[in-house]
Amino acid sequence: MFIDTHCHLSVEDYDDIDTVIKENRAAGISKIIISGCSYDSIIESLDIADKYEDVYVTIGYHPDQVEVITEKELLFLKDKLSHPKVVGIGEIGLDYHYSKELKEAQIILFEKQLKLAEEYNLPVVIHSRDATNDTINCLKKFNLKGDIHCFSGSLETAKIYISMGYYLGIGGVVTFKNSNLGNVIKEIGLSNVLLETDSPYLSPVPYRGMKNSSKNIPIIAEYIANLLDISNEEVSKITLNNTSQLFDL
């Protein structure tokens, strides 16, 4: 049994949501957490969660939304935090890969949402791309716990996040030939690791380049099990416990 702690599920990406959910269940995925990270995707994600008992959501505004988010959208976000299927705020964070000129605006939006998470005592799901130092400095200002989504950093960075009380979201990238994540996991173990797909993106080998889905979580788990020379059941047990420590499912 596994939980996909971070994925995206939308009619834009999948022709038949019903089929996706059924395939997930058949693959041993007991629950999934969808990330609604724009105004429209928050609405759609909550609608999907209302329909399926094993679907939960985190909601928040991705840094690529920084130019369209006003106080109106932030009030909308705050209002939706009381929805019974909302288990966290995310994915939120900083992304300097394409928009370095918007650094200050991204930090302002990020910290407004971190403040909301602190106010509502919710975990956060963090997106950080080419922005490690600023991400860490922002997080240090708040008393929060959360998930560093799609972690791909160094061992040193992993240890910093873990020391701050954050889990590392590990997905299909760990199976990539050019990834150093395997070496990081060998050093830190599984006590601070969550499994995720980030579907429809980042499919694990041997499906790299194809559309991803939560049903691929067992492939990621098996890769990690082989890496650490432990059983799939042990990976399941530890990561399920980590997930339950972070999210109220």
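As shown above, the structure is provided for reference.
What counts as what
Here the residue numbering is sequential within each chain, running from 1 through the sequence in written order. It should be noted that, the model being predicted, local features are given only for residues of pLDDT at least 70 and side-chain atom pairs only at 80 or more, the latter also being counted only at that level, while totals for whole chains, interfaces and linings use all residues. Side-chain descriptors were evaluated using all non-hydrogen atoms of the structure, hydrogens and water having been removed beforehand. The buried label applies to any residue whose accessible area, calculated with a 1.4 Å probe on protein chains only, is under 20% of its type's maximum; exposed applies above 50%, and partly exposed to all values in between. Going along the chain from the N terminus, every DSSP run of H or I of four or more residues is numbered as a helix, and every run of E of two or more is numbered as a strand. The directions considered for the arc are those from the helix axis to the C-beta atoms. Salt bridge, as used here, is a side-chain nitrogen of Lys or Arg placed within 4 Å of a carboxyl oxygen of Asp or Glu.

A turn of α-helix holds 3.6 residues, and therefore any two residues three or four places apart point the same way. Along helix H6 (residues 155-163), the residues that are buried comprise Thr157, Ala158 and Tyr161. When H6 is viewed along its axis, its buried side chains cluster within an angular range of 105 degrees and face the same direction. Projecting away from the buried face of H6 at angles above 90 degrees are the exposed residues Glu156 and Ser163. In the stretch just after H6, Gly165 is the one whose phi turns positive, near 95 degrees.

This structure, assessed with the given rule, holds five salt bridges. Residues Lys215 and Glu23 are paired through a salt bridge, measuring 3.3 Å at the closest nitrogen-oxygen approach. Residue Lys215 is found in the loop between strand E8 (193-195) and helix H8 (217-228), and its partner Glu23 is found in helix H1 (residues 17-26); the two are separated by 192 residues along the sequence. Classification of Lys215 by relative accessible area gives partly exposed; the value is 35%. The class for Glu23 is partly exposed, based on a relative accessible area of 35%. Lys78 is the salt-bridge partner of Glu119, the closest N and O atoms lying 3.7 Å from each other.

To continue, consider unusual backbone geometry. Cis peptide bonds are those with omega within 30 degrees of zero, and the linkage from Gly90 to Glu91 qualifies with 5 degrees. The residue Glu91 is located in strand E4 (residues 86-95) in this model. At the junction of Val205 and Pro206, the peptide bond is cis and its omega measures out at 15 degrees in the coordinates. Relative to the elements of secondary structure, Pro206 occurs in the loop between E8 and H8.

Our focus in this paragraph is the environment of Lys115. Within the secondary structure, Lys115 is located in helix H4 (residues 103-120). Looking at Lys115, the relative accessible area reads 56%, which means it is exposed. Once the C-alpha coordinates of Lys115 and Leu144 are considered, the two residues, 29 residues apart in sequence, prove to be 9.3 Å apart.

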